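The lines below spell out each chain.
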Amino acid sequence: VRSQLPHQLPPIPRSRGGPNSRVKSTMSPPLAAKNAVPKLRYLSAWFCPYAHRATIALEHHAGLVDYEWVEALGWEQREDDKNVTGTGKEWWYHWKADELKRVNPSALVPTLIPVDKDGKANEERSVYESLITIDYVDAIANPTDEKLRLVPADPYLSAKCRYWADKVNRECCSPYYGVLVRTDEQERKENFDKLVTGLKAFSREMEKNGDARGFLGGGRLSNTDVALMPWAFRYYIFEHYRGYTIPVDEPELHAYKEWFDFVFSLESVKRTLPDKDKYLEHIGKYADSSARSKVANAVRRGVAAHEIEDDKDTY
């Protein structure tokens, strides 16, 4: 029995907390009767691609890690009486669960809190930052099969994957928000072109493997794959809001297209994917520049999404 994720439920209420904001994993790990598996409280948000990274890692290691999903971040409509967004429209403001604000100094998702054998959350050992959560989940899952590891045991491959995870984060994920939040058409196009250039570099690197069934080839997932997948899935929104499409038919992106088809055919990945229509409606807040979040504020002031600063981008 796999977990039922929040995006597979009716729309999440916008009220803070309450039983409807928590979805507990119902997985029955095959080894649960013999070996206790690590347990986590997973502070997340169904729409957030950064959190999606942690979700993919958790579902990849289903049976080796158990978790309780806590919907800890949402949107609330408020009057834009000071015209902060520059759109003259109402803007949307994050609400954040008290637990999230307590355990993460930046109050961002994903945040993972280990739970001890007595069911008590150890908030002092919370883990956050999306790329770090991938590695953390992989470490506590500790699969015996090397092909199931998202961070390879081989030091060279581990270093390579960490380098490329950071690279795709900067070049293929951050520009996504520049395409949406920036209001100048030339700036939007520059961000889109930068994103496509990043995808071509990723594609060229995979060509060295001889196949693109995962960044390392051979049908194996790595933290590099998980770093990119949430945004790759969401690129479809560009055509709707900006008229742009990823040119997957270009020879330089053939490996990327093979990779895309492979990773999104995996059952452990498919069950993490948000509803496309629901997400398309959600991301409209960014597309009309009315969104108020740390990422949107950072892009609005002219820096990349990965360059957010708490003191400058708090809302």
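Relevant structure appears above.
If you're wondering where the values come from, they're calculated on a predicted model, not measured in any experiment.

(A) Looking closely at the overall build of the protein chain. A tally of helices and strands in the protein chain yields 12 helices and eight strands. Buried residues in the protein chain amount to 54% of all 315 residues. Taking as baseline every contact in the protein chain between residues at least 6 positions apart, the subset at least 24 positions apart corresponds to 69%. Roughly 14,400 Å² of accessible area belongs to the protein chain as shown, and the carbon and sulfur atoms make up 49% of that amount.

(B) The arrangement of unusual backbone geometry in detail. A cis amide bond, omega 5°, links V109 with the succeeding residue P110. Secondary-structure assignment places P110 in the loop between α2 (98–103) and β6 (111–115). Of note, the phi angle at A107 is positive, near 55°, even though the residue is not glycine. The class for A107 is buried, based on a relative accessible area of 8%. We note that N142 has phi near 50°; this positive angle belongs to a residue other than glycine. For N142, the position within the fold is in the loop between α3 (130–141) and α4 (155–181).

(C) Focus on the side chain of E71. Secondary-structure assignment places E71 in strand β3 (residues 66–71). Nearest to the buried, unbridged E71 among oppositely charged side chains is K278, at 7.5 Å. There is a polar contact of 2.9 Å between the side chain of E71 and the backbone nitrogen of W46. A distance of 2.8 Å separates a polar atom in the side chain of E71 from a polar atom in the side chain of W69.

(D) Inspection of the nonpolar core at higher detail. Among the nonpolar cores identified, the biggest contains 85 residues, and Y176, L228, Y235, Y256 and W259 are the most heavily contacted of them. The element that contributes the greatest number of residues to this core is α4, accounting for 11 residues. If we ignore the near neighbours within four places in the chain, the residues touching Y235 are C172, Y176, L195, L199, L228, I246 and Y256.

(E) A look at the pairing of strand β2 (residues 39–44). Judged by how many residues are buried, β2 sits mostly within the fold: five of six residues are covered. Taken together, the six bridges between β2 and β3 define a ladder with parallel strand orientation. Residue pairing across strands places R41 opposite E68, the latter belonging to β3. Each parallel crossover has a hand, and the one from β2 via helix α1 (residues 49–60) to β3 is right-handed. For β2 and β6, the ladder comprises five bridges, and the chain directions are antiparallel. The residue bridging L43 from the neighbouring strand is T111, located in β6.

What counts, and where the lines are drawn
- Residues numbered from 1 in each chain as written.
- Predicted model: local features only at pLDDT ≥ 70, side-chain atom pairs only at ≥ 80, totals over all residues.
- Heavy atoms only, no water.
- Helix = DSSP H or I, 4+ residues; strand = E, 2+ residues; numbered from the N terminus.
- Buried < 20%, exposed > 50% of the residue type's maximum accessible area, 1.4 Å probe, protein only.
- Contact = heavy atoms within 4.5 Å.
- Areas by Shrake-Rupley, 256 points an atom, 1.4 Å probe, with all protein chains shown as cover.
- Lys, Arg positive; Asp, Glu negative; His and termini not counted.
- Salt bridge = Lys/Arg side-chain N within 4 Å of Asp/Glu carboxyl O.
- Polar contact = N/O pair within 3.5 Å; in protein donor to acceptor, adjacent residues only side chain to side chain.
- Core = buried A, V, L, I, M, F, W, Y, C linked by side-chain atoms within 4.5 Å.
- Pairing = 2+ DSSP bridges.
- Right-handed = clockwise from strand over helix to strand, strands pointing away.

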